[in-house]
Amino acid sequence: MKSNLTILSFGVISKKPSPHPKVGRFTAASLLAVLLLLEGGMFSSHSLPPALLEKVFQYIDLHQDEFVQTLKEWVAIESDSVQPVPRFRQELFRMMAVAADTLQRLGAHVTSVDMGSQQLPDGQSLPIPPVILAELGNDPTKGTVCFYGHLDVQPADQGNGWLTDPYVLTEVDGKLYGRGATDNKGPVLAWINAVSAFRALEQDLPVNIKFIIEGMEEAGSVALEELVEKEKNRFFSGVDYIVISDNLWISQRKPAITYGTRGNSYFMVEVKCRDQDFHSGTFGGILHEPMADLVALLGSLVDSSGHILVPGIYDEVAPLTEEEINTYKAIHLDLEEYRNSSRVEKFLFDTKEEILMHLWRYPSLSIHGIEGAFDEPGAKTVIPGQVIGKFSIRLVPHMNVSVVEKQVTRHLEDVFSKRNSSNKMVVSMTLGLHPWIANINDTQYLAAKRAIRTVFGTEPDMIRDGSTIPIAKMFQEIVHKSVVLIPLGAVDDGEHSQNEKINRWNYIEGTKLFAAFFLEMAQLH
């Protein structure tokens, strides 16, 4: 899969021969040198060495089958952190040991930090897999980039809708299916593969590189925040920039850079009459039924258009600017393709801009389930004596977790009081994570844009993520360094879902992207 690229008149990369006889054939590395010259200013005299980048890209192309084989070996390790059972914890420890060994063979100084044990609600205790802190290079004249990744995965069972064994990486039409392929083993390996290319070619790394790799992200990054706080003046003291690759593009073929994520406040509202259930024939019609109260409470939270009905909830949402609107207009999103890949008949909104804004820059409220209700097949004439409703609100700048908690609690108390119910209601917020947003004018955002332009021949979509990636906010607040999310996976990769995959093209071109990013960071630091 060797690259034969053509530079066209407007700086667009094409895989096809140019129809213009005066337009020469160039590698991606040559294109980058031209783009840097075109940008002028302080960067015009610092073009990247095209021969080096070409060598690195050729090496990656020639060794792509080896990179896929390594991903297959990593996917085969059932590093499920969600199910708290000893067998999976053993697999997690094995996964972290394999990763540590891989980094040591690259020449990295590796420390596996003992994270202690996790106490579970049922009283059992399970060991937490170690966090890997690794360092490659300590040249004070170079910038230092720290990569965060995780090697734990969501549960997967072939009998639950998978077309292949989730722990056997299977390639079908260029798609690499397997649990963890895109979330997050593939991107972690792409970064490692980029480093290995420079090592194999006996080239100095353009930047100092550090790794922080954990094995409990899918279970809430247990104890990680304490470690980051502890290491902020040691391991992180020399770090200039932090890179995360743990989300997806918004399209199937166009790359993206992510500069913001929503936060999350998760609520439970309990309505209780007594500990036991009731027979509806014996008690129906003479009780304030907890389920009826709960349905009324949940129904008061959001209307049919998705508008949250909690008073004051939108008060602190950042105002919409003209610049932001133009950002949404510039993003490539095929609504028909997006709707079809989502397998829904209709969205709440009809335009690309409205959909993106309601995914990224406006809060949303989702109702997740009811605990204590009868949900088995068949008919059971029971009145639940106690039920718990579960819902969450995705937060956006500049919403505050504690303020939202008070607004939601006050609203539910007002609605409940109007029902004159004799039942007891308790509202609790079990999770509160703030939104994250970055400055897209930071150095590493410029470097990432240029690297994408080189490898993919296009400007990236500048996107936010509607989900929550707590580690980004954690790094920004504790370490006080610029954080960028550079996703590699396509929108249809199905992270957390059945038949998760990463395209071979994304995996290999993503490895090139990280290699180009190293060189760009060296130029711009």
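Residues numbered from 1 in each chain as written. Predicted model: local features only at pLDDT ≥ 70, side-chain atom pairs only at ≥ 80, totals over all residues. Heavy atoms only, no water.

## Looking at the nonpolar core
- Membership of the largest hydrophobic core comes to 111 residues, with the highest contact counts inside it found for W191, F211, I212, F475, Y507, F517 and F518.
- Of all the elements, helix α15 (residues 504-524) adds the most residues to this core, at 11 residues.
- In contact with F517, other than residues within four places in its own chain, are V145, W191, V243, Q444, A447, A448, A451 and I486. (Core = buried A, V, L, I, M, F, W, Y, C linked by side-chain atoms within 4.5 Å. Buried < 20%, exposed > 50% of the residue type's maximum accessible area, 1.4 Å probe, protein only. Helix = DSSP H or I, 4+ residues; strand = E, 2+ residues; numbered from the N terminus. Contact = heavy atoms within 4.5 Å.)

## A few points about helix α4 (residues 86-105)
- Across its 20 residues, α4 extends 29 Å between first and last C-alpha, which sits within 8% of the 28 Å expected from 1.5 Å per residue.
- Taken together, the buried positions of α4 are F88, R89, E91, L92, M95, M96, A99, A100, T102 and L103. (Expected span 1.5 Å × (residues − 1).)

## Some thoughts on the pairing of strand β13 (residues 256-261)
- Burial of β13 is extensive: 6 of the 6 residues sit out of reach of the surface.
- The pairing of β13 with strand β21 (residues 461-465) spans 5 bridges and is classified as parallel. Paired with I257 across the two strands is M462, which belongs to β21.
- Two strands pair when backbone bridges link them, and β13 and strand β20 (residues 436-437) are joined in this way by 2 bridges, in the antiparallel orientation. Bridging across to β20, G260 finds its partner in I437. (Pairing = 2+ DSSP bridges.)

## Thoughts on the UniProt feature "binding site: Mn(2+) 2" (unreviewed entry) in the protein
- UniProt records the feature "binding site: Mn(2+) 2" (unreviewed entry) for H150, D183 and D246 in the present numbering. These annotated residues cover 97 residues of sequence, and their C-alpha atoms all fall within 8.4 Å of one another, placing them together at a single site.
- Considering the arrangement of structural elements, one finds D183 in the loop between β10 (175-177) and α5 (185-200).
- Residue classification places D183 among the buried residues on the basis of a relative accessible area of 4%.
- The contact partners of D183, leaving out residues within four places of it in the chain, are H150, D152, V153, E218, D246, E495, H496 and E500.
- A polar atom in the side chain of D183 sits 3.0 Å from the side chain of H150.
- Here D246 lies in the loop between β12 (241-244) and β13.
- The exposure class assigned to D246 is buried, which follows from its relative accessible area of 9%.
- Setting aside anything within four residues of it in sequence, one finds D246 in contact with H150, D183, N184, E217, I469 and E495. (UniProt positions renumbered as here; feature names shortened; annotations may be inferred. Polar contact = N/O pair within 3.5 Å; in protein donor to acceptor, adjacent residues only side chain to side chain.)

## Considerations on the pairing of strand β18 (residues 386-395)
- Among the 10 residues of β18, 7 are classified as buried, and the element is accordingly described as predominantly covered.
- With 10 bridges joining them, strand β14 (residues 263-272) and β18 adopt antiparallel strand pairing. Within β18, the position partnered with N264 by the bridge is R394.
- Sheet analysis places strand β16 (residues 364-371) next to β18, joined by 7 bridges and oriented antiparallel. Bridging from a neighbouring strand, E371 pairs with I388 of β18.

## Concerning the domain arrangement of the protein
- For the protein, the domain assignment lists domain 1 (50-262 + 436-523) and domain 2 (263-317 + 362-433).
- Relative placement of domain 1 and domain 2: their C-alpha centres are 37 Å apart.
- At the interface, 8 residues of domain 1 touch 10 residues of domain 2.
- Both sides of the domain 1 and domain 2 interface together cover about 570 Å² of buried area, and 61% of this is carbon and sulfur.
- Looking at the side of domain 1 facing domain 2, the largest losses of area belong to R262, T468 and P470, adding up to 75% of the total buried there.
- Our count for the contact surface shared by domain 1 and domain 2 stands at 0 salt bridges.
- Applying the counting criterion to the domain 1 and domain 2 interface returns 4 residue pairs in polar contact (both at pLDDT 80 or more).
- The class makeup of the residues in the side of domain 1 that touches domain 2 is 2 nonpolar, 4 polar and 2 charged. (Domains from an automatic or database assignment. Buried area = accessible area lost by both parts, 1.4 Å probe. Salt bridge = Lys/Arg side-chain N within 4 Å of Asp/Glu carboxyl O. Nonpolar A, V, L, I, M, F, W, Y, C, P; charged D, E, K, R; others polar.)

## Structural notes on the packing of helix α13 (residues 443-456) against α15
- Remark: α13 packs on α15, axes separated minimally by 8 Å, with the N-to-C direction vectors making an angle of 135°. Overall, the two elements α13 and α15 adopt an arrangement that is oblique. The two elements α13 and α15 meet at a crossing, and its hand is right-handed. Every residue of α15 that contacts α13 at T443, Q444, L446, A447, A448, R450, A451, I452, V455 and F456 is listed here: W505, E509, K512, L513, A516, F517, E520, M521 and L524. (Axes fitted to C-alpha atoms, helices over the stretch in contact; angles between N-to-C directions. Parallel < 35°, antiparallel > 145°, perpendicular 65-115°, else oblique. Left-handed = near helix turned anticlockwise from the far one by under 90°.)

## Side note on the UniProt feature "domain: Peptidase M20 dimerisation" (unreviewed entry) in the protein
- In the numbering used here, UniProt assigns the feature "domain: Peptidase M20 dimerisation" (unreviewed entry) to residues 268-417.
- Annotated as residues 268-417, this span is 38% helix and 18% strand, and its ends, taken at the C-alpha atoms, are 18 Å apart.

## Examining the sheet that holds β18
- Pairing in this open sheet of 4 strands is antiparallel, and the strands run β16-β18-β14-β19 from one edge to the other. If you trace the sheet from one side to the other, it starts and ends with β16 and β19 (424-433), each paired once. Taken pair by pair, the neighbouring strands of this sheet meet at an average axis angle of 20°, ignoring direction.

## Considering the pattern of salt bridges
- Summed over the entire model, instances satisfying the criterion amount to 24 salt bridges.
- When the shortest N-O distance is used, the salt bridge between D275 and K272 registers 2.7 Å.
- For K346, the salt bridge identified is with D350, shortest N-O distance 3.6 Å. Accessibility classification places K346 together with D350 in one group, the exposed group.

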